[in-house]
Amino acid sequence: EACSPTFINCTFIDNVGGSEWGGGMANFQGASPVVTRCAFADNLQGGMLNHLLCAPEISECSFTGNIVSRQGEGDGGGMVNLVGSSPHVSRCVFDSNQAQVRGGAIANFYGSSPAVENCIFLNNTAVSGGAVYNYDAAPTFTNCTFTRNVAEFGGGGLYNLDIATGLRITNCILWG
């Protein structure tokens, strides 16, 4: 059965994920924690992993300086959502996260459909999708700001592979 704890005013800093993503926090198989006013900073192998039908509620959190550096699996410096995971992310800041490959701040794959609202994405970097990378995913972004994110090959703010259907962006600002 899925574990769904509540975290309020917590700090996840300088942690290292082993063979999996999620240096700060890893949620598997339907886990849906409530995470409020927490900081994910300087974690190696990313800030948070949501894998296999996870639906955490994440609000008023910061994801800063998290890095995913594994060759070939360096996705989602701040957060990676895999296999139908659909977090609700609100009023969060993603600043200066890095991914070796895709999605400096957030990477969404394989049927994941996160709802992201009132968030700020700045200074994130990756090869593709400096801030956000979407592959076979249907995320929604509402009232978000994307600024000064950098991608080596494309999509400084957002990179959507042609199979990424259902992407919705409403009232967002992408600049710089």
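Our subject is the structure listed above.
Residues numbered from 1 in each chain as written. Predicted model: local features only at pLDDT ≥ 70, side-chain atom pairs only at ≥ 80, totals over all residues. Heavy atoms only, no water.

What to know about the nonpolar core
Taken as a class, soluble globular proteins show a tendency for nonpolar side chains to be buried jointly. Judged by nonpolar contacts, the single largest core of 25 residues is most densely connected at Ile-58, Phe-94, Phe-121, Phe-141 and Phe-146. The contacts of Phe-141, once residues within four sequence positions are left out, are Val-116, Phe-121, Val-132, Phe-146, Leu-158, Leu-167, Arg-168, Ile-169, Thr-170 and Cys-172. (Core = buried A, V, L, I, M, F, W, Y, C linked by side-chain atoms within 4.5 Å. Buried < 20%, exposed > 50% of the residue type's maximum accessible area, 1.4 Å probe, protein only. Contact = heavy atoms within 4.5 Å.)

Description of the side chain of Ser-90
Counting through the fold element by element, Ser-90 comes out in strand E11 (residues 88–90). Filtering out sequence-adjacent residues up to four positions away, Ser-90 remains in contact with Ile-58, Ser-59, Glu-60, Glu-117 and Cys-119. (Helix = DSSP H or I, 4+ residues; strand = E, 2+ residues; numbered from the N terminus.)

Comments concerning the pairing of strand E6 (residues 48–51)
The sheet contact formed by strand E3 (residues 25–28) and E6 spans 4 bridges and is parallel. In the sheet register, Phe-28 faces E6, and the bridge partner there is His-51. Relative to strand E10 (residues 79–82), E6 is paired through 4 bridges, and the arrangement is parallel. Looking at E10, one finds that Asn-50 is bridged to Asn-81. (Pairing = 2+ DSSP bridges.)

Re the sheet that holds strand E24 (residues 173–175)
Sheet architecture is open: 7 strands sit in the order E2-E5-E8-E12-E16-E20-E24, paired in parallel fashion. At either margin of the open sheet sits one strand with a lone partner, and together these are strand E2 (11–13) and E24. Put simply, the sheet's adjacent strands are angled 5° from each other on average, direction ignored. Inspection of the sheet shows E2 paired to strand E5 (residues 39–41) by 3 bridges, in the parallel sense. (Axes fitted to C-alpha atoms, helices over the stretch in contact; angles between N-to-C directions.)

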